[in-house]
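Residue-level structural notes
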Amino acid sequence: MGIRHHRCGQCLLCWAPLWQLFIFALLISNVIGQIRYSIPEEMKKGSLVGNIAHDLGLDIKRLKSGKARIYTGEGTEYIELSKEKGLLVIKERIDRETLCGQTTPCALDFQIILENPMQFYSITVEITDINDNSPGFKNNEMKFEISETVQIGSKFVLEKAVDIDVGINGLQGYSLSSSDTFTLNPYRIGSSRNVEMVLKKALDREKQERLSLVLTATDGGDPQLSGTMQIVITVLDANDNAPVCTQAEYRTNVKENSLKGTALTTVSASDADEGRHGHIEYTITNEGATELFHVDKENGVVTLMGNLDYEKFRHYEIDVQASDEGGNSDVCKVIIEVLDTNDNPPAINIMSASSRISEDVKPGTVLAMMNIQDPDSNDNGKVHCILDENVYFKITSTSNNFFTLVTDSELDRERSSEYNITVTCSDEGVPSLSSSVTLTLQISDVNDNAPVFERSSYEAYIVENNTPGLSIFTVKARDADWNQNARVSYILEDSSVNGVPVSSYVSVSADSGVIHAVRSFDYEQIKDFHFRVKAQDGGSPPLSSNVTVKILIQDQNDNPPQVLYPVQTGGSVVAEMVPRSADVGYLVTKVVAVDVDSGQNAWLSYKLQKATDRALFEVGLQNGEIRTIRQVTDKDTVKQRLTVIVEDNGQPSRSATVIVNVAVADSFPEVLSEFTDFPHDKEYNDNLTFYLVLALAVVSFLFITCLVVIISVKIYRWRQSRILYHSNLPVIPYYPPRYSDTLGTGTLQHVYNYEVCRTTDSRKSDCKFGGAGSQNVLIMDPSSTGTMQFPLPENTDPGPERQPPSGPVPSPDWRLCGG
Ligand SMILES: *[C@@H]1O[C@H](CO)[C@@H](O)[C@H](O)[C@H]1NC(C)=O
Ligand SMILES: *[C@@H]1O[C@H](CO)[C@@H](O)[C@H](O)[C@H]1NC(C)=O
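Along each chain, residues carry numbers from 1 onward, in the same order as the chain's sequence is written. As a convention, the first chain written is A and the first ligand written is 1, with the rest following in written order. Only residues with pLDDT of at least 70 get local features here, since the model is predicted, and only at 80 or more are side-chain atom pairs given and counted; chain-wide, interface and lining totals rely on the full set of residues. Hydrogen atoms and water are omitted, and side-chain values are computed over all heavy atoms in the structure.

1. Examining the UniProt feature "transmembrane region" (unreviewed entry) in the chain
UniProt positions are given in the numbering used here, feature names are shortened, and annotations may be inferred rather than shown by experiment. Under the local residue numbering, the UniProt record ascribes the feature "transmembrane region" (unreviewed entry) to residues 12-33 and 688-713. Per the convention used, a helix needs a DSSP run of H or I reaching at least four residues, while a strand needs a run of E reaching at least two, with both numbered from the N terminus. In residues 688-713, helix accounts for 100% and strand for 0%; the two terminal C-alpha atoms are 37 Å from one another.

Take a look at the structure:
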């Protein structure tokens, strides 16, 4: 700091008008003189202010004698008087700014008082300013928070700087550190220099968040002094940035069977703003989409909320709005492609199906038409159908999704009358889904099978002398068809046996196949015969087959032996001659007998039953030869009578007796005389006639009784059968309920009772009538097969005491009552 010395004269010149005023004032008071000095502030202690002795024109002595002193009143004594030198010097450092502040000019007024005589002088010391203060700011930093949206031209008042120096040394101006954002706008309010800064370019927090400027205040002193202040500007964020989706489009694929909660994609958006303005929330804006999808508000994860169905929707576009809290937003598009999974089994729709077809349909006949639907796509929706292992049918695909079930081969109801055809359709997905349907098909019958007899031929035996109407046995044919087509009826085929129609021998029951004998057979007349039985079904047209039936008649011991020799004549007596000279073993004669039966029944044996002299003759058991067994003596009577019995070997056996007369004599006249007196059995014949008449009367009576009973029974049965007879089986030939030759079929329709009576001996005509349970009433069982065995007719042995019949003995036979 330099010190300026101001000459008083100079000052007086400067302040001439004031000085004139002072001098005037001094003149009218005790003031002798007025002296002005001008000194700069901040002079060192002891520095010279002015030579007061000289300037007042006072000599040093006077100063001393007058006890010159400075009077300042109450003010601070900055200046002191050096009496020895008569100089005013600085006593205290003077700071103008302290002394006067901003008041100019700044002067110290004081008086120098002298005594003896009392004099005083006013002294004014002007303190001039030096640039000892720099401009300054109260705070060395100033902070601003300015929104980035503030408009250009906005003003921000800055703290003004203070420089307590005055004048040119005071504050002169401001400058701002280089900034293209703000300019300074200094302005004055009164004497104070204020300053503000003006925004000249838009703020952008996102580019520059903080600005640091330096405001410099300068004065005009020399050297120039300055003060600075830091201006810190924080740019406040404004929501001037909208969120921006990271991707314009988010694509994702999801399987249709994905579970709820599956994360699909993550949407993200960024916002350059900060804080609330940069806080993004995500929402789905499409209506309806919120039921299926959900976006996490905070992290943008899009999740599945509902069930997807590829078959309904395959593509979703949803708008996810990303908004900041200031209300700016962007829309991110999310495209969701639904992928098919194999979640639908094929659906089988039967368009038409027949449940019953005839067994004679041709291969390739359509049974059912089906439409298969699988809503899945690609392989998941490709369907093929198969049948369970069923060789008779096949499934063919006519066009897309249409399948027909056709027969693949000939059908046969007799093989299977019902089929359960299971159609299984599967798609080609992995894993494959399938569904199946079962069609039940009934095969209806066609008459394609003829009846088949159980055997290729039949042979049956019947014992002769059977009851007419006896069932011999049963033929049986089966027909594989169904119901009416399988209803078999039996028909006797026309043929003849020994020139007689076969129907007069046998009849066949049409519905049961039971073969009945129509007549009683005689083995001795016919030993066997055959005929054909036809089995015919009830189809239309009917099918038939036939079988040969051979009937073998079995012999019964119904014929006694017949003696051919010796011939038995009624009255005349024939005798064999034995000479008295005959030797032992002499063949007298040979009894010759035959039996029309056969086999054992015809195997004859001969025995001597009675003899005049048993010791003389014997009969050969096998050959019937009568031989002598000892020498004939003279004592032996001429007339020898032998009774020989001929027996067959039947069971029971039948026999015949023959009387052989033997004459033991050497000459014929001798014999003749002996034999003429043979008694004639006149009495016996009379008795016989009587018995015959009696028997005839009894028989006639019984016959009439028998006839009445039978007719009553017949009428009763006939009425019953008329009431009860129902036939629910059509097309069966109907035969009147009696067996008859006249119809020519010989077929028995029903079961009948045959009441028979039996004569045991034709000669006696004993007609026996059995009561209930007697063998004479036969109830024929249609179920019985084969030959019915009957008790053999009683063998009525004529007995040894009876006379041997002349001529062939009539066979016991079966006769119809009244026939
Ligand atoms: C077909 O199915 C039905 C019902 O399940 C059954 O009663 C019948 O016996 C089956 N038929 C065949 C031939 O399997
Ligand atoms: C009996 O059947 C045979 C074949 O078994 C056949 O040749 C014949 O013509 C049939 N007879 C009659 C009369 O139907």
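Still more to cover.
2. Regarding the packing of aromatic side chains
The criterion for an aromatic pair is that two Phe, Tyr or Trp rings (for Trp, the six-membered ring) have centres within 6.5 Å, with stacked assigned to planes under 30 degrees apart, edge-to-face to planes over 60 apart and tilted to the rest. Enumeration over the complete set of coordinates arrives at 15 aromatic pairs. Taken together, a centroid distance of 6.3 Å and an interplanar angle of 40° make the contact between Phe137 and Tyr174 tilted. Of this pair, Phe137 sits in the loop between strand E7 (119-128) and strand E8 (141-147) while Tyr174 is found in strand E10 (residues 171-176), placing the two residues 37 residues apart along the sequence. Pair check on accessibility: Phe137 and Tyr174 agree, each one buried. On the basis of an interplanar angle of 55° and a centroid distance of 5.6 Å, the ring pair of Tyr392 and Tyr419 is categorised as tilted. Of this pair, Tyr392 sits in the loop between strand E27 (383-387) and strand E28 (393-399) while Tyr419 is found in strand E30 (residues 418-427), placing the two residues 27 residues apart along the sequence. Residue classification places Tyr419 among the buried residues on the basis of a relative accessible area of 6%. Per-residue accessibility, obtained with a 1.4 Å probe over protein chains only, is compared with the maximum for each type, and a residue is labelled buried under 20%, exposed over 50%, and partly exposed between these values.

3. Some words on the state of the cysteines
Cysteine sulfur atoms that come within 2.5 Å of each other are treated as a disulfide pair. Scanning the model with the defined rule gives 3 disulfides in all. Bridging Cys100 to Cys106, the disulfide has an S-S length of 1.6 Å. Here Cys100 and Cys106 share a disulfide; its torsion about the S-S bond, 70°, makes the bridge right-handed. Residue classification places Cys106 among the buried residues on the basis of a relative accessible area of 1%. Put simply, Cys245 and Cys332 are joined by a disulfide, and their sulfur atoms are 1.8 Å apart. Around the S-S axis, the bridge from Cys245 to Cys332 shows a dihedral of about -85° and counts as left-handed. In this pair, Cys245 sits in strand E15 (residues 244-245) while Cys332 sits in strand E23 (residues 329-339), placing the two residues 87 residues apart along the sequence. Residue Cys245 is classed as buried on the basis of its relative accessible area, which comes to 10%. Overall, Cys332 belongs to the buried group, its relative accessible area being 0%.

4. Focus on a nonpolar patch on the surface
Among the surface-exposed residues, Phe690, Tyr691, Leu694, Val698, Phe701 and Leu702 lie close enough to one another that they form a single nonpolar patch of about 640 Å² accessible area. Tracing the chain through its elements places Phe690 in helix H8 (residues 682-724). A residue is classified by how much of its surface remains accessible, and Phe690, at 53% relative accessible area, is exposed. Patch rule: a residue counts if its relative accessible area is over 30% and it has no salt bridge; like charges are joined within 9 Å, and nonpolar side chains (Val, Leu, Ile, Met, Phe, Trp, Tyr) within 5 Å. To measure how exposed things are, a 1.4 Å probe is used in the Shrake-Rupley method; for residues, cover is taken only from the protein chains shown. Here a salt bridge means any side-chain nitrogen of Lys or Arg lying within 4 Å of a carboxyl oxygen belonging to Asp or Glu.

5. Side note on the sheet that holds E28
Pairing between sheet strands relies on hydrogen bonds along the backbone, with the strands arranged either parallel or antiparallel. Here we have 4 strands laid out as an open sheet, ordered E24-E26-E29-E28, and antiparallel in their pairing. Each edge of the open sheet is held by one strand with a lone partner, namely strand E24 (347-353) and E28. Direction aside, the axes of adjacent strands within the sheet are offset by 30° on average. Should DSSP find at least two bridges between two strands, the strands are regarded as paired. In the sheet, strand E26 (residues 366-373) pairs with strand E29 (residues 402-407) via 5 bridges, with the strands oriented antiparallel. Bridge pairing in E29 links Met370 to Phe403. Axis lines are fitted through C-alpha atoms, for helices just across the contact stretch, and the angle between N-to-C directions can take any value from 0 to 180 degrees.

6. Looking at the site of ligand 2
The local shell around ligand 2 consists of Glu493, Arg532 and Asn546. At 2.5 Å from an oxygen atom of ligand 2 is found a side-chain nitrogen or oxygen belonging to Asn546. Burial of ligand 2 by the surrounding chains reaches 32%, relative to a free accessible area of 360 Å². The near set for a molecule or strand comprises every residue that places at least one heavy atom within 4 Å of it. As used in this structure description, the phrase polar contact means that two N or O atoms lie within 3.5 Å; if the pair is within protein, one of them must be able to donate a hydrogen and the other to accept it, and residues adjacent in sequence are counted only when both atoms belong to side chains.

7. A look at the pattern of salt bridges
Taken as a whole and judged by the stated rule, the model has 26 salt bridges. Where Arg96 meets Asp129, a salt bridge forms, and the shortest distance between an N and an O atom there is 3.2 Å. Here Arg96, found in helix H5 (residues 96-100), pairs with Asp129, found in the loop between E7 and E8; they are 33 residues apart in sequence, far enough to count as distant. Residue class for Arg96 comes out buried when judged on its relative accessible area of 1%. For Lys394, the salt bridge goes to Asp408, with nearest N and O atoms at 3.6 Å. Pair noted here: Lys394 is in strand E28 and Asp408 is in the loop between E29 and E30, with a separation of 14 residues, a long-range link. Take Lys394: its relative accessible area is 37%, and that puts it in the partly exposed class. Among the charged side chains, a network of salt bridges with common partners joins Arg205, Glu206, Glu209, Asp237 and Glu274.

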